[in-house]
Amino acid sequence: METLKLGYVGAGYLAQRVHLPNLCSLPQIELAALAEVRPKLGKRIQEKFRIPRLYADHLALAADPAIRAVMVSGHFIGQGEIARDLLLAGKDVLMEKPMAVSVEQGERILEAERKSGKRLMVAYMKRYDSGNLKVKALIAGYAASGELGAIRYVRQHGFCGDWVAGLDTPFEGSDEPVPAPPKIRPAWMPEGYFDRYVGYLQQYTHNVNLVRFLLGAGDRAVVKHVDLDSDGMHGVVILEVAGVRTIVESGSVAYHAWDEHTTVYFDRGWVRTHAPPLLQPNRQATVETYVAGKDGPVAAEHFAVQGWPWAFKEELKHFAECLTTGAPFRSPAADAVVDVRTLEEIYRQFVKASA
């Protein structure tokens, strides 16, 4: 496979602990440049990962003609604007979620993608978890065969916990100031709600995206009811995803592991996936099924055949492969806008109920 010359924007937590180590381990990717606005930190990270070139910001990196594609991980508000600039500069882009904090911002990013002719992939790592891929295949198989009847209900529970799981990759801090993020927010949102919204968005965009992916829903996601506490985090949201009632339970709990699971209920059984802590390497979601068959009930645990991959590394492989072959992304920007629209509508209803 052709080696992809890639630049990276950002030298923060996920960059140092996850993305840069993974990029350096993949033979199909050549990490050729780093952009970091904190010069001392940038220099340390450049030397640590032996990155050939260091740039003061993403615009300087974008001017490098040798760089074909760029990965971005930055502030939740600002990273979409960085991705937009890079697209317009002629680079294919892989960015961390969330893609945007408003539908308006998301549409501007999509317009840059269309105008440039380049492509943007959003790093929804749960779509690259081999356990979740197994679950998606099982759901599609049962839906096609009719063995379990119709899909009746989805329960998506996410109370978080310890997402780092003891990952001890060294991390370099810095006391250098960083520029304030751009002032972008949904135009309708009153003062005082935005911080709560971004907290909910950056966490539960994963959950909404995963359910849409498992059900093959595309843009068929409708917000039916929102019941969140005043903190804008704890509570229940009722969606209709691909015509199926879906409950998203959100909140937090002091837990030594990671409390997130998704169950898709049919008439005569269910398929369930439990997520591992996000930063636990070489772990995939567990997969369980229950089938109330004619010869008696059968409960089973399923294992993905790919061994022990890490979803964060698999998404990088996918990005490189798609740019080399021209294949479509599994998590394209046009699809990610559906999550932005859904999460924005959840908070629109929350704000209205809180008034």
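Here, every reference points to the structure presented above.
From a predicted model like this one, the values you see are computed outputs, not experimental measurements.

The rules behind each value
Just so you know, the residues in each chain are numbered from 1, in the order the chain's sequence is written. This being a predicted model, a pLDDT of at least 70 is required before a residue's local features are given, and a value of 80 or more before pairs of side-chain atoms are given or counted; all residues contribute to the totals for chains, interfaces and linings. Hydrogens and water are ignored here; the side-chain numbers use all heavy atoms of the structure. Only DSSP runs of H or I reaching four residues or more are called helices, and only runs of E reaching two or more are called strands; each is numbered from the N terminus. Any residue under 20% of the maximum accessible area for its type is buried, any over 50% is exposed, and the rest in between are partly exposed; the area is computed with a 1.4 Å probe on protein chains only. Between two residues, a contact is recorded if the distance between any of their heavy atoms is within 4.5 Å. The rule for pairing is simple: two strands pair if DSSP sees at least two bridges between them. Axis angles are defined between N-to-C directions and span 0 to 180 degrees, where every axis is a line fitted to C-alpha atoms and, for a helix, only to the segment in contact. Each Phe, Tyr or Trp ring, with Trp reduced to its six-membered ring, pairs with another whose centre is within 6.5 Å; inter-plane angles below 30 degrees give stacked pairs, above 60 give edge-to-face pairs, and intermediate values give tilted ones. In this scheme, Lys NZ or Arg CZ marks a charge over a ring once it lies within 6 Å of the ring centre and within 35 degrees of the ring normal. N or O atoms closer than or at 3.5 Å make up a polar contact, with two conditions inside protein: a donor-capable atom paired with an acceptor-capable one, and, for residues adjacent in sequence, both atoms drawn from side chains. Grouping buried Ala, Val, Leu, Ile, Met, Phe, Trp, Tyr and Cys residues that are joined through side-chain atoms within 4.5 Å yields what is termed a nonpolar core.

*Asks:* Hey, could you run me through the environment of Ala300 in this one?
*Replies:* Its place among the elements puts Ala300 in strand β14 (residues 296-302). Here Ala300 falls in the partly exposed class, since its relative accessible area comes to 29%. Spatially, the C-alpha atoms of Ala300 and Tyr290 are 6.5 Å apart, while their sequence positions differ by ten residues. Leave out the neighbours within four places in its chain, and Ala300 touches Val287, Glu288 and Thr289.

*Asks:* Explain the sheet that holds strand β7 (residues 151-161) here, please?
*Replies:* Two strands in a sheet stick together by hydrogen bonds in their backbones, pointing the same way (parallel) or opposite ways (antiparallel). Taken in spatial order, the eight strands of this open sheet run β8-β9-β10-β7-β11-β12-β13-β14, and their pairing is mixed. Bordering the open sheet on either side are β8 (221-228) and β14, each of which pairs with just one other strand. Shown here is a sheet whose adjacent strand axes are inclined to one another by a mean of 15 degrees, direction ignored. Where β8 and strand β9 (residues 235-241) come together, seven bridges link them in antiparallel fashion. Each residue of the ladder has a partner; that of Ala221, found in β9, is Val241. Of the strands in this sheet, β7, β8, β9, β10 (244-250) and β11 (258-266) touch helix α7 (residues 194-215), which is tilted by about 150 degrees from β7.

*Asks:* I'm lost on the packing of aromatic side chains in this one. Help?
*Replies:* Between two aromatic rings, the relevant description is the distance of the centres plus the angle of the planes. Under the criterion given, the structure shown has 13 aromatic pairs. Ring geometry for Tyr13 against Phe171: centres 5.5 Å apart, planes inclined by 50 degrees, an arrangement best described as tilted. Of this pair, Tyr13 sits in helix α1 (residues 13-25) while Phe171 is found in the loop between β7 and α7, placing the two residues 158 residues apart along the sequence. Look at Tyr13 and you get partly exposed, because its relative accessible area is 28%. With centroids separated by 5.5 Å and ring planes inclined at 85 degrees, the aromatic side chains of Trp310 and Phe312 adopt a geometry described as edge-to-face. In this pair, the class of Trp310 matches that of Phe312, namely buried. Put simply, the rings of Tyr193, Phe194, Tyr197, Tyr200, Tyr204, Tyr347 and Phe350 pair up and form one aromatic cluster. Its end group placed over the ring of Phe213, Lys136 keeps NZ or CZ at 4.7 Å from the ring centre.

*Asks:* Would you mind going over the side chain of Asp339 with me for this structure?
*Replies:* Within the secondary structure layout, Asp339 lies in helix α9 (residues 333-354). What makes Asp339 buried here is its relative accessible area of 0%. Side-chain polar atoms of Asp339 contact the side chain of Asn209, separated by 2.7 Å. Residue contacts for Asp339: discarding those within four places in its chain leaves Tyr124, Thr205, Val208, Asn209 and Arg212.

*Asks:* What exactly am I supposed to notice about the pairing of strand β13 (residues 286-293) here?
*Replies:* The side chains of a regular strand alternate between the sheet's two faces. The pairing of strand β12 (residues 269-274) with β13 spans six bridges and is antiparallel. Note on β13: the bridge partner recorded for Gly269 is Val291. Across seven bridges, the pairing between β13 and β14 is antiparallel. For Glu288, the partnering residue across the bridge sits in β14 and is Glu301. Linkage of β13 to β14, two consecutive antiparallel strands, is achieved through a turn of two residues.

*Asks:* Is there a simple way to think about the nonpolar core in this case?
*Replies:* Within soluble globular proteins, side chains that are nonpolar tend to cluster in buried spots. Core analysis: the biggest nonpolar cluster contains 46 residues, and Tyr200 and Ile346 have the highest contact counts within it. If we ignore the near neighbours within four places in the chain, the residues touching Tyr200 are Thr205, Leu228, Gly232, Met233, Val237, Val248, Ser250, Leu343, Ile346 and Tyr347. Among the nonpolar cores identified, the runner-up in size contains 28 residues, and Val9, Leu61, Met95 and Ala112 belong to it.

*Asks:* When you look at helix α4 (residues 79-88) in this model, what are you seeing that I'm missing?
*Replies:* Think of an α-helix as 3.6 residues a turn; residues three or four steps apart then line up on the same face. Counting buried residues in α4 gives seven out of ten residues, a clear majority hidden from the surface. When we look at burial in α4, the residues that qualify are Gln79, Gly80, Glu81, Ile82, Ala83, Leu86 and Leu87. Residues of α4 that are buried in the fold lie against β1 (4-9), α3 (58-62), β4 (69-72), β5 (92-96), α5 (103-116) and β6 (120-123). One or two positions beyond α4, positive phi appears at Gly90, with a value near 95 degrees.

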